[in-house]
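# Coordinate analysis (summary)
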Amino acid sequence: MSDEYNQQNTPLEAQSSETMSGSSGTPSKDIDYVRPAEIPEQDLYHGHSFITKWVFCQDAKVIGIQYFLTAVFTGIVGLILSWLMRLQLGYPDLVPFITAEHYYQFVTMHGMIMVVYFLTALFLGGFGNYLIPLMVGARDMVFPYVNMVSFWMFFIAVCVLMASFFVPGGPTGAGWTLYPPQAILPGTPGSNMGITLMLISLSLFVIGFTMGGLNYIITILQARTRGMTLMRMPLTIWGIFTATALAMLAFPALLVSCIMMTLDKMLGTSFFMPAILQAGEVLSYGGGSPVLFQHLFWFFGHPEVYIVALPAFGIVSDLISVHARKNIFGYRMMVWAIVGIGALSFFVWAHHMYVSGMNPWFGFFFATTTLIIAVPTALKVYNWIITLFRANIRMNTVMLFCLGFIVTFVNGGITGIFLGNVAVDIPLSDTYFVIAHFHMVMGIAPLMVIMGAVYHWFPLVTGRMLSEKLGKWHFWFTFLGAYSIYFPMHYLGFIGVPRRYYEMYDSPYVTSATGMNEFITVAALIVGFSQLIFIYNIVTSLKIGKPAGKNPWKANSLEWLTPDVPPTHGNWGEKLPVVHRWPYDFNVPGAKEDYITQTTPPSEVINAEVEKT
Amino acid sequence: MHPGIIFLGVIVGSVLFHIYTPWWWTDIASNWGAMDDTINLTFWIGGGVFILVCLFMVYCILKFSYKEGRKVEYKPEDHKLEKILTIATTVGVIALLAPGLIVYNNYINTPKNALQVEVNAWQWGWQYRLPGEDGILGTAQVEKISDDNPFGINLDDPNGKDDILIQDDVLHLKTDRPVKILLRSLDVLHNYYVPQFRAKMDAIPGIISYYWFEPNKIGEYEVLCAEYCGVGHYAMRAKVIVESEGNYKNWIKEQETFSELIAKQENDKLKTTLFAKNDD
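Here the structure is a predicted model, which means the values were calculated and not measured.

So, how was this worked out
- The numbers attached to residues start from 1 for each chain and follow its sequence in the written order.
- Both sets of labels track the order of writing: A upward for chains, 1 upward for ligands.
- Given that this is a predicted model, residues contribute local features only at a pLDDT of at least 70 and side-chain atom pairs are listed and counted only at 80 or more, while totals for whole chains, interfaces and linings are drawn from all residues.
- In this text, helices come from DSSP runs of H or I with a minimum length of four residues, and strands from runs of E with a minimum of two, each type numbered from the N-terminal end.
- Atoms considered for the radius of gyration are the C-alpha atoms alone. The globule rule reads 2.2 Å times the number of residues to the power 0.38.
- Counting other C-beta atoms within 10 Å of a residue's own tells you its class, since 20 or more makes it buried, 12 or fewer makes it exposed, and anything in between is partly exposed; those C-beta atoms are placed from the backbone.
- What counts as a contact here is a pair of residues whose C-beta atoms, placed from the backbone, lie within 7 Å.
- Here the term charged refers only to Asp, Glu, Lys and Arg, the term nonpolar to Ala, Val, Leu, Ile, Met, Phe, Trp, Tyr, Cys and Pro, and the term polar to all other amino acids, Gly among them.
- In this usage, the nonpolar core is the set of buried Ala, Val, Leu, Ile, Met, Phe, Trp, Tyr and Cys residues whose C-beta atoms join them within 7 Å.
- At least two DSSP bridges between two strands are required for those strands to pair.
- Helix axes are fitted to C-alpha atoms over the stretch in contact, other axes to C-alpha atoms as well, and angles between N-to-C directions run from 0 to 180 degrees.
- Oblique is the label for every angle not falling under 35 degrees (roughly parallel), over 145 degrees (roughly antiparallel), or within 65 to 115 degrees (roughly perpendicular).
- By convention the crossing between two helices is left-handed if the near helix lies anticlockwise of the far one by an angle smaller than a right angle, and right-handed if it lies clockwise.
- Residue ranges labeled as domains rest on an automatic or database domain assignment.
- Here the expected span of a helix is defined as 1.5 Å times the quantity of residues minus one.
- What the bend at a residue measures is the angle between two axes, fitted to the seven residues ending there and to the seven starting there.

## Considerations on the overall build of chain A
Helix and strand content of chain A: 18 helices and 2 strands. Taken over the C-alpha trace, chain A has a radius of gyration of 25 Å; the compact-globule value for 613 residues is 25 Å, and the two agree within 12%. With the C-alpha coordinates aligned to their principal axes, the bounding extent of chain A is approximately 90 × 50 × 50 Å. The buried share of chain A, taken over its 613 residues, is 59%. Put simply, 79% of the contacts in chain A that link residues at least 6 apart link residues at least 24 apart.

## Quick word on the interface of chain A and chain B
Chain A puts 92 residues into the contact, and the matching count from chain B is 80 residues. Contributing elements (two or more residues each) for the side of chain A that touches chain B: α6 (100–136), β1 (277–278), α10 (290–323), α11 (331–344), α12 (362–388), α13 (397–420), α14 (422–428) and α16 (468–495) of chain A. Looking at the side of chain A that touches chain B element by element, the count peaks at 13 residues for α12 of chain A. Split into classes, the residues belonging to the side of chain A that touches chain B amount to 60 nonpolar, 21 polar and 11 charged.

## Comments concerning the nonpolar core
Counting residues in hydrophobic clusters, the biggest one holds 281 residues, and the most contacted among them are V316, I385, C402 and I406 of chain A together with M57 and V119 of chain B. Broken down by element, this core gets its largest block of residues, 24 residues, from α6 of chain A. Setting aside chain neighbours within four positions, we find V119 of chain B in contact with W126, Y128, I181, L182, L183, Y192 and A203 of chain B.

## Points about unusual backbone geometry
Residues and elements named next belong to chain A. A cis amide bond, omega 0°, links P180 with the succeeding residue P181. On the secondary structure map, P181 appears in the loop between α7 (144–163) and α8 (193–222). V565 connects to P566 through a cis peptide bond whose omega is -10°. With respect to the secondary-structure elements, P566 resides in the segment after α18 (514–544).

## Focus on the sheet that holds strand β9 (residues 219–225) of chain B
All names here are of chain B. The 5 strands lie next to each other as β4-β10-β9-β6-β7, forming an open sheet whose pairing is mixed. Of all the strands in the sheet, the pair left with one neighbour each is β4 (170–174) and β7 (202–203). Sheet topology note: the strand β6 (residues 190–193)/β7 ladder contains 2 bridges and is antiparallel. Bridge pairing in β7 links N191 to D202. The sheet contacts of helix α4 (residues 245–254) involve β4 and β10 (237–243), and relative to β4 the element is tilted by about 135°.

## What about the packing of α6 of chain A against α10 of chain A?
Residue and element names in this part refer to chain A. Orientation of α6 relative to α10, taken along the N-to-C sense of each, is 40°, at an axis distance of 10 Å. Accordingly, the angle class assigned to the pair α6 and α10 is oblique. In the packing of α6 onto α10, the handedness of the crossing is left-handed. Residue-level inspection shows V115, L119, T120, F123, L124 and F127 of α6 in contact with α10, the latter providing E304, I307, V308, P311, A312 and I315. For the contact of α6 with α10, the per-class residue count stands at 10 nonpolar, 1 polar and 1 charged.

## Looking at the domain arrangement of chain B
Residue and element names in this part refer to chain B. Split by domain assignment, chain B resolves into domain 1 (3–65 + 78–108) and domain 2 (115–270). The C-alpha centroid of domain 2 is placed 39 Å from the C-alpha centroid of domain 1. By residue class, the composition of the side of domain 1 that touches domain 2 is 5 nonpolar, 3 polar and 1 charged.

## Comments concerning the sheet that holds strand β2 (residues 125–130) of chain B
All names here are of chain B. With mixed pairing, 6 strands are arranged side by side in an open sheet as β8-β5-β1-β2-β3-β11. In the strand order of this sheet, the two ends are held by β8 (209–213) and β11 (256–257), each with one partner. Here 2 bridges tie strand β3 (residues 164–166) to β11, and the two strands are oriented antiparallel to one another. Opposite L165, over in β11, you have E256 as the bridge partner.

## Here we look at the packing of α12 of chain A against helix α3 (residues 79–108) of chain B
Interaxial distance between α12 of chain A and α3 of chain B falls to 10 Å at its minimum, and their mutual angle equals 155°. Judged by the inter-axis angle, α12 of chain A sits roughly antiparallel to α3 of chain B. Here α12 of chain A runs over α3 of chain B; the crossing is right-handed. Every residue of α3 of chain B that contacts α12 of chain A at G363, F364, A367, T368, L371, A374, V375, A378, L379 and Y382 of chain A is listed here: L85, T86, T89, T90, V93, L96, L97, G100, L101 and Y104 of chain B.

## Digging into α6 of chain A
Residues and elements named next belong to chain A. Here α6 spans 50 Å end to end across 37 residues, near enough to the 54 Å set by a 1.5 Å rise per residue. A maximum bend of about 50° is found in α6 at G128. With 34 of 37 residues buried, α6 lies mostly within the body of the structure. Two residues or fewer after α6 comes G137, characterised by a positive phi angle close to 80°.

Have a look at this one:
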């Protein structure tokens, strides 16, 4: 491979691109010119045994699938926990073993699992690993071995997390935000081993994730193939790239707060612990600040929202463009919106703390920054729907999930404006309005994208199509069901029902909501069970699905242009692809087909009136 | 059925649900009607955007469903349109933010005539302290709390002597008089929240936080703890009774001050020592 690199390189090295385009070469050579590669190709370790091929595998695609399956497993645990919570809320006393302790443990584990171990791992570990090398035209991640270790660290983190279900006292019930002092005091379930294992597991997750994250960033920056300029990258890659950069900057805050709380717990330091009276005794803590933890937590926690959302933004842009057969509208604005949202996301964290007792003057600053972030976010929404305008929309399962994403995301984004505006947040914070908001915007909306993405890329990963018929049933159950869980739930928040209440007793303004609580519980059970359609579809399609062939969606981006389907280790066979254009050349006037792949040189589509390359 | 019709149904259903919902605000009982107004404003602007965006989406999918050979617009960018949308969104955001910040400014600036009430929270209950005739609460510390001194008031602080101590979870308030709630926690985070008053703030151990409101409707209100505080969180309720000036005065008169409590305790101690001596 390295010989080939040298051969390609030498004749072109002497001339810069400017002199080339003006030089006297033949026209076709001229317009097809792509700058030579700047770094040599990497050599890959090809596994030979079952263990090196499928277990300790260094192929990013396999690692992606490993991440995906592990994350889905934790997600199913999280889903079951949510059922148990909903049963308690809708039908108190129906399930006798759900005590208050258990309820709070379910709340905590559900939240932490879904946000960190499911969504983050799935988007970045799962889709990131599978798609980054393929979409930028690399053979693999730049550090395949570290990438493999990254997954196994994640795997150990999941094991430690799951182990906490089986230790004395059970998992922590501190709420997913783990606010001290209660998280490590005996009034909270699992305040001994449970919280310790949670903190260890999170620390392992961050360490493992840092290994993966550095890989994603460096691969995108350094290992793109010839012609793949940053402004020709699919938005999926922009989303994953920016999200990973956020993760690299935000996760350290989580790591240090985990370490500090572990020290408070194990060694009796007082980072987050002021003087505390418990059961008539003054504890040996003193001088620490619980609000400090909240700042650290949300300095991680808010970017974390965008760590989940930005890959979803990117992926949905690509799915919409491919299935609407039209270029994504305002690509450059989409890129800058992703980067801008990412940067701004570090300046909004305290909007989670408007009623935390922090200096009240912070409210002005954080309300302003939070609403500023609404502008680039709204622009992204406009661009998605403008992309649909005068397009040629395939109404398939993938597109349905994209549309479901738009509806739930707009809904959740607008309730976000309620909560970001400090005066509006005061009555609504810590009520069911908040629960409804964040489930809509960072639960359902990203899930819609994940499911759409599975329907979209399943043919690439397995070589077979998923069943469209089952897919549509799956979509309508999931979308309509989830929407009817969370849309009415906002109104519980208006009544003033506080979150994290095991039971409401007979509060006068709450008993009126009993019917709604029962309805939501039933809907949650239906949505959960309807995922069996999805699982059934995946399992059966692996065997009997229609063979996909190459590029079944007629997409433009590189992952569909591999010599083998599914792509093999090393992705590209003998020769790396060369990129001549952005991935959104659909229905270009003058072109024969309704799509022009990224590798198509201009000389082959000489009549196409391409505006943006 | 075309999926566009179902999406349309979802949007129409959402709007109808909003109009006919039986679940809405508990009747407001404080001065913070402005918060409700900002929420309604957000509903109008935000709801309008939601409806417009979704209807446009539905229009597109109904109108431009896949047809072989359909002519598709090829227009990667449209700077004018992007500019208009940016400006319109910015204007909308300012229209929401500006009133919100004005209300918030009122929220954090307590009127001078506000009565002070210290709310003491612990796992899992509440107690209250009111300043006595001097109008100033004595300083207090968690470390000083004992059976004799349930609020941990500094004994050297003369301001603390006349503080009125309410070792009960029922708080009485005067109607139409601003109240500044000073929040203290003895152990973990809590939050003193009455939905009808709209206002809330966390109580944090080691710090005194505050908020204010003016109750303006006579009645009894349930207090809910609104910050997760351990396994008893959901049971951490209390009661606020808003009453007329006269009733309030009668109630205050019945309450014990810190010096009265000390005197009573010393009396008790004296008695026990006397009895002990008699036994000898």
